2 protein chains.
Amino acid sequence: MSRSGADLALLMLGGFRVLADRATAELAARGHDDVRPVHDFALQAILSGADSASELGRRMSVTKQAAAKTIAALEERRYVVREPDPDDRRRMRLQVTDHGLAMLREGEAIFDEMRRSWEEQVGADVLREVESALRALVGDRTVRLDSPGWVGHELES
Amino acid sequence: MSRSGADLALLMLGGFRVLADRATAELAARGHDDVRPVHDFALQAILSGADSASELGRRMSVTKQAAAKTIAALEERRYVVREPDPDDRRRMRLQVTDHGLAMLREGEAIFDEMRRSWEEQVGADVLREVESALRALVGDRTVRLDSPGWVGHELES
DNA sequence: GCATAGTGGACAACGTGGTTGTCCTCCACT
DNA sequence: AGTGGAGGACAACCACGTTGTCCACTATGC
């Protein structure tokens, strides 16, 4: 096979999609429907300090407008609240709600569980190698999440 | 770190994106601008027998409408031509042009070269393990390519 | 031979998650 | 006080999917 390079790329995309699709389904099963990993990741970023739209945009390497849309979605689903910043009247400070924290915890557990089960399947040392090899490939780049659509699909069972 | 599961997913996405972005840039540098890996993959599928919109849709696990749009893009860029099928007057038979073949060859070479260089970086046996571990995760699922936007960005250098 | 079911394809409307571009408010600095 | 820059909102647009509908044609069954 001479498509090995392309296949490899597809394999990575496939791996991500499998994980993301399962996580979406599992999250839905646990009561957080209509949530996709983007939301989880964004929430994570907000929690770890990206408390404004502009800042969130920077962290996720998307425009502030895109970040604002994500935030609007999160707000609508009650994962975050926005309140005017008393110190800077331009800003709307973001705050993760309890509901958001719960979702975050669920997401974390789901992803960790998937990792664990894969580890069981292929072996701990192989997984370690996979991770470090991927890290070598990806380097220090921030992983951008601007991938509309990649995750909004049903499992194909 | 307790985000290891989520990080792992992100790592895969990141790996894919690094590969895809580089391929896009490299393809552009070689005269095929405005081509993204989707096009390469679709062309590949057409070449290997998916010679109609419906069939292409089936192979790529998208609707025939989506496939038709991809085909329209490929046709516009002169990578394929559509001509009426003399035996079945409903069909428009697809044919990859020389220009398309050239792009395919370039794409292949680029992906293979990236694979080779990664192999050099992490070692051949590690790469083999990565591939088989990923294959174990992905399973027999067809990797869907319905990932709008994931690849149309500039490298961040 | 002919009605009916199914397939290929086109068109339109829509959804999602991005992008630019513009504008306004407010902060910060000279 | 005036000016530059940051935060944010709004609108238009793009890419790439999705449904839904419709038509032309093929294939099948009586």
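Residue positions are given per chain, counted from 1 along the sequence in the order it is written. The lettering of chains begins at A and the numbering of ligands begins at 1, in the order of writing. Local features in this predicted model are restricted to residues whose pLDDT is 70 or higher, and side-chain atom pairs enter the listing and the counts only when it is 80 or higher, whereas totals over whole chains, interfaces and linings include all residues. Water and hydrogen atoms play no part in the side-chain values, which are based on all heavy atoms of the structure.

Enquirer: What's the story with the protein's contact with DNA strand C in this structure? I'm lost.
Expert: Taken together, 27 residues are adjacent to DNA strand C, and Arg36, Thr63, Gln65 and Lys69 of chain A together with Arg58 of chain B come closest. We call a residue near a molecule or strand when any one of its heavy atoms sits within 4 Å of it. Taken together, the sugar and phosphate atoms account for 64% of what DNA strand C places within 4 Å of the protein. Between N or O atoms, a polar contact is any pair within 3.5 Å; within protein, one atom must be a potential hydrogen donor and the other a potential acceptor, and residues adjacent in sequence are included only when both atoms are from side chains. A distance of 2.6 Å is found between a phosphate oxygen of DNA strand C and a side-chain nitrogen or oxygen belonging to Arg36 of chain A. One of the backbone N or O atoms of Arg89 of chain A is found 3.0 Å from a phosphate oxygen in DNA strand C. Helical segments are the DSSP runs of H or I of at least four residues, strand segments are the runs of E of at least two, and each set is numbered from the N terminus. Counting residues per element, the ones that place at least two in the surface near DNA strand C are helix 4 (64–76) of chain A together with helix 3 (53–60) and helix 4 (64–76) of chain B. It is helix 4 of chain A that contributes the most residues to the surface near DNA strand C, four residues altogether. Residues are grouped as follows: Ala, Val, Leu, Ile, Met, Phe, Trp, Tyr, Cys and Pro are nonpolar; Asp, Glu, Lys and Arg are charged; all remaining types, including Gly, are polar. Partitioning the surface near DNA strand C into residue classes produces seven nonpolar, seven polar and 13 charged.

Enquirer: Explanation requested: the protein's contact with DNA strand D in the structure shown.
Expert: Near DNA strand D, the surroundings consist of 26 residues, among which Arg58 and Lys64 of chain A together with Thr63, Gln65 and Lys69 of chain B are the closest. The sugar-phosphate backbone supplies 65% of the atoms of DNA strand D found within 4 Å of the protein. Between DNA strand D and the protein, one listed contact pairs a phosphate oxygen with a side-chain N or O atom of Arg82 of chain A at 3.0 Å. Of all the secondary structure elements, the ones that give two or more residues to the surface near DNA strand D are helix 3 (53–60) and helix 4 of chain A together with helix 4 of chain B. Sorting elements by how many residues they give to the surface near DNA strand D places helix 4 of chain B first, with four residues.

Enquirer: Would you take a moment to explain the pattern of salt bridges for this structure?
Expert: One side chain can pair with another of opposite charge once the charged atoms of both are near each other. Residues and elements named next belong to chain A. Think of a salt bridge as a Lys or Arg side-chain nitrogen and an Asp or Glu carboxyl oxygen that are within 4 Å of each other. This structure, assessed with the given rule, holds 29 salt bridges over all chains. Among the ionic pairs, Arg77 bridges to Asp34, the shortest N-O distance being 2.8 Å. Of this pair, Arg77 sits in the loop between helix 4 and strand 1 (80–84) while Asp34 sits in the loop between helix 1 (4–29) and helix 2 (37–47), and the two are 43 residues apart along the sequence. Burial classification: accessible surface area is computed with a 1.4 Å probe over protein chains only, and a residue below 20% of its type maximum counts as buried, one above 50% as exposed, and the rest as partly exposed. Among the residues examined, Asp34 registers a relative accessible area of 48% and is labelled partly exposed. Here the salt bridges do not stand alone but share partners, grouping Glu26, Arg30 and Glu106 into one network.

Enquirer: Explain the packing of helix 1 of chain A against helix 5 (residues 98–122) of chain B here, please?
Expert: Helix axes use the C-alpha atoms of the stretch in contact, all axes being lines fitted to C-alpha atoms, and the angles between their N-to-C directions lie in the range 0 to 180 degrees. For the pair helix 1 of chain A and helix 5 of chain B, the least separation of the axes is 6 Å and the interaxial angle reads 75°. For the element pair helix 1 of chain A / helix 5 of chain B, the angle class is roughly perpendicular. Between helix 1 of chain A and helix 5 of chain B, the residues in contact are Ser4, Gly5, Ala6, Leu8, Ala9 and Met12 of chain A and Phe111, Asp112, Arg115 and Trp118 of chain B, respectively. Split by residue class, the contact of helix 1 of chain A with helix 5 of chain B holds six nonpolar, two polar and two charged. Oblique is the label for any angle not covered by the other classes, which are roughly parallel (under 35 degrees), roughly antiparallel (over 145) and roughly perpendicular (65 to 115). Contacts are assigned to residue pairs that have any heavy atoms within 4.5 Å of one another.

Enquirer: What is the right way to look at helix 1 of chain A in this model?
Expert: Because the α-helix completes a turn every 3.6 residues, residues three or four places apart line up on one side. Residues and elements named next belong to chain A. Spanning 26 residues, helix 1 covers 37 Å between terminal C-alpha atoms, matching the ideal 38 Å at 1.5 Å per step. The buried count for helix 1 comes to 20 of 26 residues, which makes it a mostly enclosed element. Within two residues after helix 1, Gly31 carries a phi angle of roughly 100°, on the positive side. Multiply 1.5 Å by the residue count of a helix minus one, and that product is the helix's expected span.

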